[in-house]
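# Inside the fold
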Amino acid sequence: MKFKKPFNVRSFRLQAILSSAALVILTACAVGLPALWIGYQDLERETCDRCCLVLQGLYTGQKTDIANLAHYTSHHSALTQILEDSGNLEKELDLHELKEGIDLIDMVAVCDAGGQVAAQTDQTPFNDLCIFRDDPDYTVVMVDSEPQVWLLGTSQIYTDELYRGMAVVGIELDRSFLLEMMLRSGLEHTLFFEDEPISSSFSSAELATIDRMPLRNSTSDFRSQFKLDERTYYTTGQSLNSNGLIVEVALDVSETKQAQNRLIIILTGVIFSVTILAVALGAVMTRRVNQPLEQVVEYAANFGMDSLDDPVRVKTDISEISALAVVFENARVTLKGALISLQKEKEWGDQLLESIVEGIITLDDEGRVSYFSSGAERITGWLSEGVIGKPVDSIL
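Residues numbered from 1 in each chain as written. Predicted model: local features only at pLDDT ≥ 70, side-chain atom pairs only at ≥ 80, totals over all residues. Heavy atoms only, no water.

Let's shift gears to the overall build of the protein. Regarding its fold elements, the protein presents nine helices and 12 strands. Here the protein holds 396 residues, and 35% of them are scored as buried. Of all intrachain contacts in the protein linking residues separated by at least 6 positions in sequence, the fraction that spans at least 24 positions is 50%. For the protein, the exposed surface amounts to about 23800 Å²; the carbon and sulfur share of it is 55%. (Helix = DSSP H or I, 4+ residues; strand = E, 2+ residues; numbered from the N terminus. Buried < 20%, exposed > 50% of the residue type's maximum accessible area, 1.4 Å probe, protein only. Contact = heavy atoms within 4.5 Å. Areas by Shrake-Rupley, 256 points an atom, 1.4 Å probe, with all protein chains shown as cover.)

This is the structure:
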């Protein structure tokens, strides 16, 4: 006979299996989650460093490039000839050819020594084009109430140590410029003036949905992100001048986020698989322990049913359970010996009482007959079977 329940939450087997599963899950979480978090932090830090370095390098480098282009242009013979022969259309055509030969340049102008424009390739909205600039700067001008952003560089022109004028080169930071920056860096670029977007490598429809993020002064705070057309971007910004001109770059991290999600799914799957394996191993181990224990419990239950003839035999390679079985077997042998001894004493007592000629009657606490000897039967004429359990007053 086995004392088993179909589902017992207090059973050793179930508790051992649940403990194994919990241990695996806790261990996996204790190791996997910090590793995953550290990986996220490293990725964001690396992304931040990349964006900040690219942002600073591109726009600072662009100022260096425009300064070098202005210096190169000022030494071109066409500019000197234009200053010497103002109004010569052929020389102005040379100026246009010079501009076409330089990538990204949108405007080339020549100013004479009096600060007047002698020639220029394109009309520009500047009233102060011929002001010398020691360092190239990003300038915002309003054209029909719409802001335009230009990067201007200047270089003075000398012939025989005589100041003749100045070369001015300019780049307009329009959408084509920002698309070129995007191709160079792999980052989306957006210009903001007084918190309003004025140009971007994003499309017009996308630009309308973008709000400028607060300008970051510390790379440790670089975790700003936004979603656009179901894609996630990390963004950071840099001020280009003191008049509210800001450029922000955005890195598309959608694939990285997807990789992170796949990593979470893989980690979850690994934890689940290891948990299932741990539960299976736990079930095998608890079965090895539980089966011999159930046999011991069965033998112990039989002790109370006067079934002491069968020896306690438990097949197990677990020493503790084997020792427990030996204890039960010794108890069975001792208990059986004690029962045999008591049975013999009882039989001897019964024979002694039967041999006494006088009648012997014993009563329980309620005065009912519990023993009626053969002598009492002979004296009273009552049989033992008829008086056991009856009040003694009804007999005597």
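Quick look at the nonpolar core now. Core analysis: the largest hydrophobic core is formed by 39 residues, its most contacted members being Tyr-59, Leu-95, Leu-173 and Leu-191. The greatest single-element share of this core, amounting to six residues, is contributed by helix α1 (residues 12–74). Residues within four places of Tyr-59 in sequence aside, it is in contact with Tyr-138, Leu-173, Phe-177, Leu-178, Met-181, His-189, Leu-240 and Val-247. Residues Ala-109, Phe-126, Cys-130 and Leu-152 belong to the second largest nonpolar core, which totals 11 residues. (Core = buried A, V, L, I, M, F, W, Y, C linked by side-chain atoms within 4.5 Å.)

Another point: helix α4 (residues 175–185). Buried residues of α4: Phe-177, Leu-178, Met-181 and Ser-185, and no others. Buried positions in α4, seen along its axis, are confined to an arc of 95° and lie on one side of it. Positive phi appears at Gly-186, one or two residues downstream of α4, with a value of about 75°. (Arc of directions from axis to C-beta.)

Note that Glu-255 resides in helix α6 (residues 254–302). Residue classification places Glu-255 among the exposed residues on the basis of a relative accessible area of 59%. Separated by 24 residues in the primary sequence, Glu-255 and Arg-231 have C-alpha atoms spaced 8.8 Å apart.

This brings us to the state of the cysteines. Following the criterion strictly, the structure yields one disulfide and no others. Covalently, Cys-111 is tied to Cys-130 through a disulfide, its sulfur atoms 2.0 Å apart. Taking the sign of the S-S torsion, -80° for the link of Cys-111 and Cys-130, the bridge is left-handed. Here the residue Cys-111 occupies a position in strand β1 (residues 107–112), and Cys-130 occupies one in the loop between β2 (117–120) and β3 (137–143), the gap between them amounting to 19 residues. (Disulfide = S-S within 2.5 Å.)

In the structure shown here, the tally under the stated rule is three salt bridges. The residue Glu-180 makes a salt bridge to Arg-184 at a minimum N-O spacing of 3.7 Å. With Glu-180 and Arg-184 both in helix α4 and four residues apart, this pair spans about one turn of that helix. With a closest N to O distance of 3.5 Å, Arg-368 and Glu-366 form a salt bridge. When its relative accessible area of 64% is taken as the criterion, Glu-366 is described as exposed. (Salt bridge = Lys/Arg side-chain N within 4 Å of Asp/Glu carboxyl O.)

Looking now at the confidence of the model for the protein. For the protein, per-residue confidence averages 77 on the pLDDT scale, and 83% of positions sit at 70 or higher. Here residues 214–223 scores under 50 on pLDDT; set against residues more than four positions off or in separate chains, the count is 19 contacts. (pLDDT = per-residue confidence, 0-100.)

Another aspect to go through is the packing of aromatic side chains. Geometrically, a pair of aromatic rings is defined through the distance of the ring centres and the angle of the planes. In this structure the tally under the stated criterion is four aromatic pairs. Measuring from ring centre to ring centre gives 5.9 Å for Phe-126 and Trp-150, while their planes differ by 80°; the resulting arrangement is edge-to-face. Linking Phe-126 in the loop between β2 and β3 with Trp-150 in strand β4 (residues 146–159), this pair joins segments that are 24 residues apart in sequence. A relative accessible area of 9% means that Phe-126 is categorised as buried. (Phe/Tyr/Trp six-rings, centres within 6.5 Å; stacked < 30°, edge-to-face > 60°.)

Attention shifts here to the sheet that holds β4. In space, the five strands of this open sheet follow the order β2-β1-β5-β4-β3, with antiparallel pairing throughout. Looking at the sheet topology across the chains shown, the edges are occupied by β2 and β3. This sheet shows a mean twist of 30° between the axes of neighbouring strands, independent of strand direction. In this structure, β1 lies alongside strand β5 (residues 162–172), joined through six bridges in antiparallel fashion. Paired with Ala-109 across the bridge in β5 is Val-168. (Pairing = 2+ DSSP bridges. Axes fitted to C-alpha atoms, helices over the stretch in contact; angles between N-to-C directions.)

The subject of this paragraph is unusual backbone geometry. At Asp-144, a position not held by glycine, the phi torsion is positive, near 55°. Following the sequence through the fold, Asp-144 ends up in the loop between β3 and β4. For Ser-145, which is not a glycine, the phi torsion comes out positive at approximately 65°. With respect to the helices, strands and loops of the structure, Ser-145 is situated in the loop between β3 and β4.

Here the focus is the sheet that holds strand β8 (residues 225–228). In spatial order, the strands read β7-β6-β10-β9-β8; together these five strands make up an open sheet with antiparallel pairing. Edge positions in the open sheet fall to β7 (196–200) and β8, since each of these has one partner strand only. Across the sheet, the mean angle from the axis of one strand to that of its neighbour is 35°, orientation sign disregarded. Relative to strand β9 (residues 231–239), β8 runs antiparallel, the two being bridged by four bridges. Counted as the bridge partner of Leu-228 is Arg-231 from β9. Against the sheet, α4 touches β6 (188–193) and β7, its axis set at about 140° to β6.

This part is about the side chain of Thr-154. You can see Thr-154 is positioned in strand β4. Excluding its chain neighbours within four sequence positions, the residues that come into contact with Thr-154 are Ala-70, Ile-131, Phe-132, Arg-133, Met-166, Ala-167 and Val-168.

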